[in-house]
Amino acid sequence: MTEPTKKPFLYVVVCACGIAGDVGKLITAAQERHWDVGVIATPQGLGFLDTEAVEAQTGYPIRSAWRAPGDARPLPPADAVAVAPATFNTINKWAAGISDTLALGILCEAYGMGIPIAVLPYLNTAQAAHPAYQESLERLRGMGVLIGSYEPHRPKAGGGADRFRWEEALELLGPKVR
Ligand SMILES: Cc1cc2nc3c(=O)[nH]c(=O)nc-3n(C[C@H](O)[C@H](O)[C@H](O)COP(=O)(O)O)c2cc1C
């Protein structure tokens, strides 16, 4: 008998942005492509999510804190990681190698483990103007991280949720995942 084909497992890392609550759009798009999904939220990002709805949709608990030693791993290993939406804060910390949240720990290690990563930044032009941000993007690009095309919105002008393309994460990662 042939083994059923294992679906790719996607980690979606969610940061604390106004649009984080729409992450269900990315989960749906991934599941339509026959990927399984687990969500890792930053501690701040957790407050932007309807945790019950996300857990019902993915079938897995949302992870945000490190597990205790000896606890079972709540999620299977990742075949790919999408950071969406990605904050100014998490992008800069990740590029600098800071690992003080579970989300950052996973991102910092995923590179060394050769797991494909796509990041969809969502931030305003005032944040993007900070020199550290451009340097962070350059460093991540040099690490092979695939970077989304969202152009930062004007500060205090309602954001740009209507032009944030969640599915771009899958378009970027698709060719990298068998
Ligand atoms: C309502 C609200 C909306 C926010 N939207 C954004 C955003 O779109 N992009 C961003 O980089 N930061 C945004 N922030 C700021 C981040 O939440 C803040 O920098 C936080 O420390 C990020 O934490 P994280 O990177 O660990 O998720 C927002 C904050 C609030 C309260």
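Quantities reported herein were computed from a predicted structural model and do not represent experimental measurements.

A look at the site of the ligand
Point 1. Not every one of the 15 residues close to the ligand is listed here, only the nearest: Cys-15, Ala-16, Thr-42, Thr-87 and Thr-90.
Point 2. At the level of secondary structure, the elements contributing two or more residues to the shell around the ligand comprise helix 2 (43-46) and helix 4 (88-96).
Point 3. Per-element accounting of the shell around the ligand gives the leading share, three residues, to helix 4.
Point 4. Along the lines of polarity and charge, the residues of the shell around the ligand split into six nonpolar, nine polar and no charged.

Comments concerning the sheet that holds strand 5 (residues 146-147)
Point 1. Pairing in this open sheet of five strands is parallel, and the strands run 2-1-3-4-5 from one edge to the other. Looking at strand neighbours, the two that pair on one side only are strand 2 (36-41) and strand 5, the edges of this open sheet.
Point 2. Pairing analysis gives six bridges linking strand 1 (residues 9-14) to strand 2, with the strands arranged parallel. For Val-13, the partnering residue across the bridge sits in strand 2 and is Ile-40.

Regarding the environment of Leu-49
Point 1. Here Leu-49 lies in the loop between helix 2 and helix 3 (51-58).
Point 2. With 35 residues separating them in the primary sequence, Leu-49 and Val-14 have C-alpha atoms 8.9 Å apart.
Point 3. If we skip the residues at most four places from it in the chain, Leu-49 touches Val-14, Ala-20, Gly-21, Val-23, Ala-41, Val-54 and Ile-62.

Side note on unusual backbone geometry
Point 1. Each neighbour pair has its own omega, and for Ala-84 with Pro-85 the value is -5°, a cis peptide bond.
Point 2. Tracing the backbone shows Pro-85 in strand 3 (residues 80-86).
Point 3. A positive phi angle, near 65°, is found at His-34, a position not held by glycine.
Point 4. Relative to the elements of secondary structure, His-34 occurs in the loop between helix 1 (24-32) and strand 2.
Point 5. Non-glycine residue Lys-156 carries a positive phi angle of around 55°.
Point 6. Here Lys-156 shows up in the loop between strand 5 and helix 8 (168-173).
Point 7. Assessed through the 8 C-beta atoms surrounding it within 10 Å, Lys-156 is described here as exposed.

What counts, and at which threshold
Residues numbered from 1 in each chain as written. Predicted model: local features only at pLDDT ≥ 70, side-chain atom pairs only at ≥ 80, totals over all residues. Near = placed C-beta within 6 Å. Helix = DSSP H or I, 4+ residues; strand = E, 2+ residues; numbered from the N terminus. Nonpolar A, V, L, I, M, F, W, Y, C, P; charged D, E, K, R; others polar. Pairing = 2+ DSSP bridges. Contact = placed C-beta atoms within 7 Å. Buried ≥ 20, exposed ≤ 12 C-beta atoms within 10 Å, placed from the backbone.

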